[in-house]
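Here is how the chains run, residue by residue.
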Amino acid sequence: MSRPIQIKKHPFPSLLYLEWTLLAITALTAVIPPPLRQFRPKPPELSICGVFPDLSGCSILPQLSIYSLIIFALMGLTLPRNNQITKVVYTVIEILLILMTGLFGERFARLFPFLYIILVTRSCLIFQLPGRLFVTSLSFSLFLFTTQLKYQLFNFQASPQAQERFRFLSLNWSLVFGLSLVFVLLMMNAVLSERHSREKLAIANEKLRQYAMRIENQATLEERNRIAREIHDSLGHSLTALNLQLETALKLWQSNPIKAETFLATAKELGSKALKDVRQSVSTMRSNPLQEQSLELAIASLSENFHHSNGILPIYQINLEYSLPPEINTAIYRITQESLTNISKYAYATEIKLELTTTRGNLRLIIQDNGRGFDLGQNTTGFGLHSMRDRTLAIGGEFNINSAPGSGCKITVNIPLTRLT
């Protein structure tokens, strides 16, 4: 059995209040006679008890109709959710209550159309489209059946002229009621479809947010691993060598001061290199490495730093026709920074060329050196290469690298910019 839904947990609480309001208004119009009815001849009753007043049980059937109406109204508080059998039983009980309310209540016969509309509305909340169509068709069929039954009961007491008028009104009312059911069905389908779309959109947004958080955490973890490796490979090595130079200088300070000074000078150079590595690691950890400067100035600064550290001034050519998004600027800066770092550590190059240009809907970055190169089949697991490739793919670009032992290395990055043109 599915768990009942309280008012606050009802799919549409305002719809539940509307049901109760509609039932209350129609019940009042059925119970309270119009003020002018006492001045008009009393029309014939159109219920079973109205035609057969001596029928056994007619004295309690009107009260049973009232109780059926109350139960029908309270059933709106509980809507079955999952069990298909429970949904069918729930709907059958609603239909029986509607029939009891209309057939055995003299004044409640006018509630028929409104009760069927509520029935169709509730069926839209618990059934899929085939079930909704079936309940709507069944409601209209029952309405026609009860209308025909009223017509037969009316024939017992009415004149032929009144019978013809009643038939005309019944046909018109049946047509209006059928169109009302179709309107309610279409309206509920539209409302439920919109709500379903919003729920799917909310779920998709939540999944996208979680995926973005995972990507961000993964990128942060990879960046930390890279920095840790950089510190271990560069700063750790420099500090270890510095410590050995100082220990040797201390041992030779008394016996051979001149040679000890040589070790101290080497230690000083290692200290400077360690300081440079620390600054480079700090620069890598910045969330915005460009620091509000343009990409051209940032790459020029990288080239100047490379010249001061290695004595080689990269030849760079930058031609950007329009400004680039921040994420692309950051990616190009990081790729250039990583390339120059790899060249400084492993390439032993004497000439470096850097070209950054924008063509028709495309951004191209080329970094080429004349260093010793490497075998692509044996040296493709480096963290720097993976980092550059991942950054390129993250912005929808293409990363290519060409190198061979003794032939230098050429890195090419192509990034589509169709959305900016």
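Please refer to the structure higher up on the page.
Predicted model, so just to flag it, every value in this text is computed and none were measured. (Residues numbered from 1 in each chain as written. Predicted model: local features only at pLDDT ≥ 70, side-chain atom pairs only at ≥ 80, totals over all residues. Heavy atoms only, no water.)

Okay, the overall build of the protein next. Assigned secondary structure in the protein consists of eleven helices and five strands. With 421 residues in all, the protein has 39% of them scored as buried. Considering only intrachain contacts with a sequence separation of at least 6, the fraction spanning at least 24 residues in the protein is 71%. Within the structure as shown, the protein displays about 25600 Å² of accessible surface, and the carbon and sulfur contribution to it stands at 61%. (Helix = DSSP H or I, 4+ residues; strand = E, 2+ residues; numbered from the N terminus. Buried < 20%, exposed > 50% of the residue type's maximum accessible area, 1.4 Å probe, protein only. Contact = heavy atoms within 4.5 Å. Areas by Shrake-Rupley, 256 points an atom, 1.4 Å probe, with all protein chains shown as cover.)

Further remarks concern helix α9 (residues 295-310). Taking 1.5 Å per residue as the helical rise, α9 with its 16 residues ought to reach 22 Å, and the 22 Å between its terminal C-alpha atoms agrees with that figure. Next to the buried residues of α9 lie β1 (315-319), α10 (326-347) and β2 (352-359). Phi for Gly311, located one or two positions after α9, is positive at around 75°. (Expected span 1.5 Å × (residues − 1).)

With that settled, consider the pairing of β2. Direction of pairing for β1 relative to β2: parallel, over a ladder of five bridges. Residue Ile318 lies in a different strand from β2, and its bridge partner there is Leu356. Here β2 runs beside strand β3 (residues 362-369); their pairing, made up of eight bridges, is antiparallel. Across the sheet, the residue bridging to Thr358 is Leu363, located in β3. The hairpin turn running from β2 into β3, its antiparallel successor, is two residues long, and Gly361 in that turn takes a positive phi close to 70°. (Pairing = 2+ DSSP bridges.)

Here we come to the packing of α9 against α10. Where α9 contacts α10, the axes come no closer than 10 Å and their chain directions differ by 10°. Between α9 and α10, the angle falls in the class roughly parallel. In this structure, α9 uses Leu295, Ala298, Ile299, Leu302, Phe306 and Asn310 to contact α10, whose residues at the interface are Asn329, Ile332, Tyr333, Thr336, Gln337, Leu340, Ile343 and Ser344. Tallied by class, the residues present in the contact of α9 with α10 amount to nine nonpolar, five polar and no charged. (Axes fitted to C-alpha atoms, helices over the stretch in contact; angles between N-to-C directions. Parallel < 35°, antiparallel > 145°, perpendicular 65-115°, else oblique. Nonpolar A, V, L, I, M, F, W, Y, C, P; charged D, E, K, R; others polar.)

Time to look at α10. With 22 residues, α10 extends 30 Å from end C-alpha to end C-alpha; this agrees with the ideal 32 Å at 1.5 Å per step. In terms of burial, α10 is largely enclosed, as 16 of its 22 residues are buried. A positive backbone phi angle near 55° is found at Tyr348, which sits one or two residues after α10.

For the rest of this paragraph, the subject is the sheet that holds β3. Reading across the sheet, the five strands line up as β1-β2-β3-β5-β4 and stay open at both edges, with mixed pairing between neighbours. The open sheet has two edge strands, β1 and β4 (398-403), and neither has a second partner. Strand-to-strand twist of the sheet, defined as the mean angle between neighbouring strand axes without regard to direction, takes the value 10°. Of the pairings in the sheet, the one linking β4 to strand β5 (residues 409-416) comprises six bridges and is antiparallel in character. Along β5, the bridge assignment pairs Ser403 with Cys409. Contacts between α10 and the sheet are confined to β2, β3 and β5, with β3 contributing the most and set at about 10° to the helix.

Before going further, it helps to examine the environment of Arg360. Mapped onto the secondary structure, Arg360 falls in the loop between β2 and β3. Counting along the chain gives 56 residues from Arg360 to Pro416, while the straight-line C-alpha distance between them is 9.1 Å.

Right, let's talk about the pattern of salt bridges for a bit. For the coordinates displayed, the defined rule picks out five salt bridges. Between Glu199 and Arg195 there is a salt bridge whose closest N-O contact spans 3.4 Å. Here Glu199 pairs with Arg195, and both are found in helix α7 (residues 160-252), just four residues apart, close to one helical turn. In this structure Arg195 comes out as partly exposed when scored by relative accessible area, which is 32%. (Salt bridge = Lys/Arg side-chain N within 4 Å of Asp/Glu carboxyl O.)

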